[in-house]
Amino acid sequence: MLNASYYPRYGDKKNSDFFEEYLQRVLDERKRCGLTDMIGGIEALIITVEPGNSIEYITELSLMTPYHYLVTLDSPKHFTHVLRIDMNSPDILLREVKDPDYSDIFRNLNDIYPIGARRHHSRYVGEILLAHNRHEVVAEQQAREFRFFPIGQLAELDLPVNVSISKPSPYTQNVVGYMERPADGIRVYQHGECVILSNVQAAYERGKEMQERLGIDDLILPIDHLATRVYSQNRESAILEYLALSSYFYWGSYDIKDQNSSTNVTKNSKSLPESASPAKVFTANNLPYCVNHLDKLPSPTENFVRNYGPRLHHIALTVKDGQRNGKEHIDYVVDAIAAQGKGFLLNTVGSREEGLKQIFSSASEFSSLIIEYVQRFGDFQGFFAKDNVAQLTFAAGLEEGVQTQT
């Protein structure tokens with residue numbers, strides 16, 4: 001059996017007895033029925049944006065990330081632009097809704113939150129995981145009461161029909177999908193007509209030309225982690241749910257008392273590097289908003305969730321370790337991108353002595369997602385220093401509307 005205690009435990013956040021008991025039971029049962037062996041790493045991320053926003057977002061991603069435009073899947077309701085680094089890192093499926101009045105379950109999830117409703121379609125949808133036997137994995141998960149969209153609903157939602165996709169989580173509102181491919185095969189999405197759109201290609205080339213001209217094209221590496229914000233009462237359930245649906249393990253949790261929150265990390269259990277299967281991070285308030293009037297503590301995480309809904313908050317990318325022109329690579333990258341007009345929420349935080357430096361960009365006006373850059377020094381293996389996280393969380397809480405909207 002897979003023993004939760006086999007993995008080193010990091011952090012100082014105390015979990016409930018319920019969590020510690022069910023963590024072990026979830027991992028044991030997942031191993032026993034073969035799901036740990038059948039489920040691999042993250043194959044793709046799904047992001048949806050408003051009509052007309054994908055072009056500029058692709059330019060932004062081409063500048064700020066190592067992603068390349070591959071092809072567009074033209075289907076009745078969406079353009080789905082496939083962005084790829086290589087077969088060793090997850091794709092991004094960037095979906096652009098064609099009709100601004102189009103409505104589906106994902107728009108509905110946005111529309112019930114005051115700031116989320118300002119961009120009806122802009123949201124991170126979820127991840128697609130590799131499955132060695134997709135239908136058997138789904139059958140096992142359905143036996144555990146996880147729910148999936150039937151093939152007819154997938155077609156109605158205009159999603160790839162060779163991917164099995166769960167219903168949105170009640171804790172994170174993200175989905176988890178499963179797809180198959182041979183070990184040496186390429187990813188193929190059965191969805192729409194494959195076309196190369198000249199305006200998308202031009203947008204991609206603008207971003208890459210800028211990235212190369214700034215001299216940062218060799219410094220930005222693949223995704224390191226994906227950070228989702230959830231309600232305080234759903235922290236442990238969200239972690240357990242993701243462990244049940246994936247082959248990840250619980251790495252640990254840190255209590256960020258200064259910001260009344262905790263940062264909780266899960267990682268792939270098959271020793272895949274984060275570049276191949278990014279870590280999944282869950283951030284939650286320590287105390288729910290309904291008692292916060294008693295202690296008057298900071299509440300940036302819960303405020304975000306109340307205004308946007310539980311959802312992905314940021315995508316973190318690794319920056320190559322080293323220096324250029326007397327600057328740490330992360331500072332060189334940030335200065336170059338900032339000079340092109342992209343905002344950042346604070347200066348880089350951290351140091352070589354602490355093991356890493358980090359920074360948050362301002363939220364994208366196209367996807368509402370933040371890009372984080374992380375540079376680790378030497379053999380540092382962690383995801384953050386506690387003081388770094390406190391500063392980053394505070395800066396994110398100052399984003400317009402998050403503190404004040406009710």
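An account of the accompanying structure is given in this report.

What counts as what
- The residue count restarts for each chain, going from 1 along the sequence in the order it is written.
- Where local features are concerned, this predicted model is filtered to residues with pLDDT of at least 70; where side-chain atom pairs are given and counted, the filter is 80 or more; whole-chain, interface and lining totals use all residues.
- Hydrogens and water are ignored here; the side-chain numbers use all heavy atoms of the structure.
- Helix numbers and strand numbers start at the N terminus; a helix is a DSSP run of H or I with at least 4 residues, a strand a run of E with at least 2.
- C-alpha atoms define the radius of gyration, and 2.2 Å times the number of residues to the power 0.38 defines the globule rule.
- Think of it in three bands: with a 1.4 Å probe and only protein chains considered, a residue is buried below 20% of the maximum accessible area for its type, exposed above 50%, and partly exposed in between.
- Contacts: residue pairs with any heavy atoms within 4.5 Å of one another.
- A 1.4 Å probe and the Shrake-Rupley method give the accessible areas. Residues count as covered only by the protein chains that appear here.
- Strand pairing is defined by DSSP finding a minimum of two bridges between the two strands.
- The axes are straight lines fitted to the C-alpha atoms, using for helices just the contacting stretch, and the angles between their N-to-C directions are given from 0 to 180°.
- Any angle from 65 to 115 degrees is called roughly perpendicular, while one under 35 is roughly parallel, one over 145 is roughly antiparallel, and all others are oblique.
- Each crossing gets its handedness from the near helix: less than a right angle anticlockwise from the far helix is left-handed, clockwise is right-handed.
- Pairs were defined over the aromatic rings of Phe, Tyr and Trp, the Trp ring being its six-membered one, requiring ring centres within 6.5 Å. Orientation was assigned from the angle between planes: stacked under 30 degrees, edge-to-face over 60, tilted for the rest.
- Note on definitions: salt bridges are taken to be side-chain nitrogens of Lys or Arg within 4 Å of carboxyl oxygens of Asp or Glu.

Comments concerning the overall build of the protein
No. 1: In terms of helices and strands, the protein carries twelve helices and 19 strands.
No. 2: Against the 2.2 N^0.38 benchmark of 22 Å for 406 residues, the protein shows a C-alpha radius of gyration of 20 Å, consistent with a compact globule.
No. 3: With 406 residues in all, the protein has 62% of them scored as buried.
No. 4: Put simply, 71% of the contacts in the protein that link residues at least 6 apart link residues at least 24 apart.
No. 5: Of the roughly 16,300 Å² of accessible surface on the protein, a fraction of 50% belongs to carbon and sulfur atoms.

Some words on the sheet that holds strand β12 (residues 261-268)
No. 1: Sheet architecture is open: nine strands sit in the order β1-β11-β12-β13-β10-β14-β19-β18-β17, paired in mixed fashion. A strand with exactly one partner marks an edge of an open sheet, and here the two such strands are β1 (10-11) and β17 (349-351).
No. 2: Relative to strand β19 (residues 370-376), strand β18 (residues 356-360) runs antiparallel, the two being bridged by five bridges. In the sheet register, Q358 faces β19, and the bridge partner there is V374.

Quick notes on the sheet that holds strand β6 (residues 123-131)
No. 1: Ordered by their spatial adjacency, eight strands build an open sheet running β7-β8-β6-β2-β5-β4-β3-β9, and the pairing between neighbours is mixed. Two strands lie at the open edges of the sheet, namely β7 (164-165) and β9 (193-195), each paired on one side alone.
No. 2: Sheet topology note: the strand β2 (residues 39-49)/strand β5 (residues 91-97) ladder contains six bridges and is parallel. Looking at the pairing, I47 lines up with L94 of β5.
No. 3: Against the sheet, helix α5 (residues 134-143) contacts β2, β6, β7 and β8 (175-179), and its axis sits at roughly 145 degrees relative to β8.
No. 4: Packing against the sheet, helix α7 (residues 198-213) makes contact with β3 (68-74) and β4 (78-84), and its axis sits at approximately 160 degrees to β3.

Re unusual backbone geometry
No. 1: Positive phi outside glycine occurs at Q173, with the angle close to 60 degrees.
No. 2: For Q173, the location among the structural elements is in the loop between β7 and β8.
No. 3: Positive phi, close to 70 degrees, is recorded for S368, a residue that is not glycine.
No. 4: Along the chain, the position of S368 falls in the loop between β18 and β19.
No. 5: Owing to a relative accessible area of 13%, S368 belongs among the buried residues under this scheme.

Here's the deal with the environment of S261
No. 1: With respect to the helices and strands, the residue S261 is situated in strand β12.
No. 2: Relative accessible area serves as the criterion here: at 0%, S261 is assigned to the buried category.
No. 3: Note: C-alpha distance between S261 and V389 (128 residues apart in sequence) is 9.9 Å.
No. 4: Discounting residues that sit within four places of it in the chain, S261 has contacts with Y254, D255, I256, A284, N285, N286, T301 and T393.

Some thoughts on the packing of helix α3 (residues 54-64) against α7
Packed helices, taken two at a time, are described by the angle their axes make and the gap between the axes.
No. 1: Taken N-terminus to C-terminus, the directions of α3 and α7 make an angle of 30 degrees; their axes are 7 Å apart at the nearest point. The pairing of α3 with α7 is recorded here as roughly parallel in orientation. You can see that α3 and α7 cross each other, and the crossing is right-handed. Each of I55, E56, I58, T59, S62, L63 and M64 in α3 lies in contact with α7, whose residues at this interface are N199, V200, A203, Y204, R206, G207, K208, M210 and Q211.

What about the packing of aromatic side chains?
No. 1: In this structure the tally under the stated criterion is eleven aromatic pairs.
No. 2: A centroid spacing of 6.4 Å and a plane angle of 40 degrees characterise the contact between W251 and Y254, whose relative ring orientation is tilted. In terms of burial, W251 and Y254 fall into one category: buried.
No. 3: Residues F344 and Y373 carry aromatic rings whose centres are separated by 6.5 Å and whose planes lie at 35 degrees to one another, so their mutual orientation is tilted. Taken together, the residues F344 in the loop between α11 (329-338) and β17 and Y373 in strand β19 connect sequence positions 29 residues apart.
No. 4: With relative accessibility at 19%, the residue F344 sits in the buried group.
No. 5: Taking the relative accessible area as the measure of exposure, Y373 reaches 0% and is therefore buried.

Quick look at the pattern of salt bridges
No. 1: This structure, assessed with the given rule, holds 24 salt bridges.
No. 2: Between R84 and D91 there is a salt bridge, with its nearest N and O atoms 2.8 Å apart. Assigned by exposure class, R84 and D91 land together as buried.
No. 3: A salt bridge links D111 to R107; its shortest N-O distance comes to 3.0 Å. Separated by four residues within a single helix, D111 and R107 lie in helix α4 (residues 105-111), roughly one turn from each other.
No. 4: Judged by relative accessible area, which is 15%, R107 ranks as buried.

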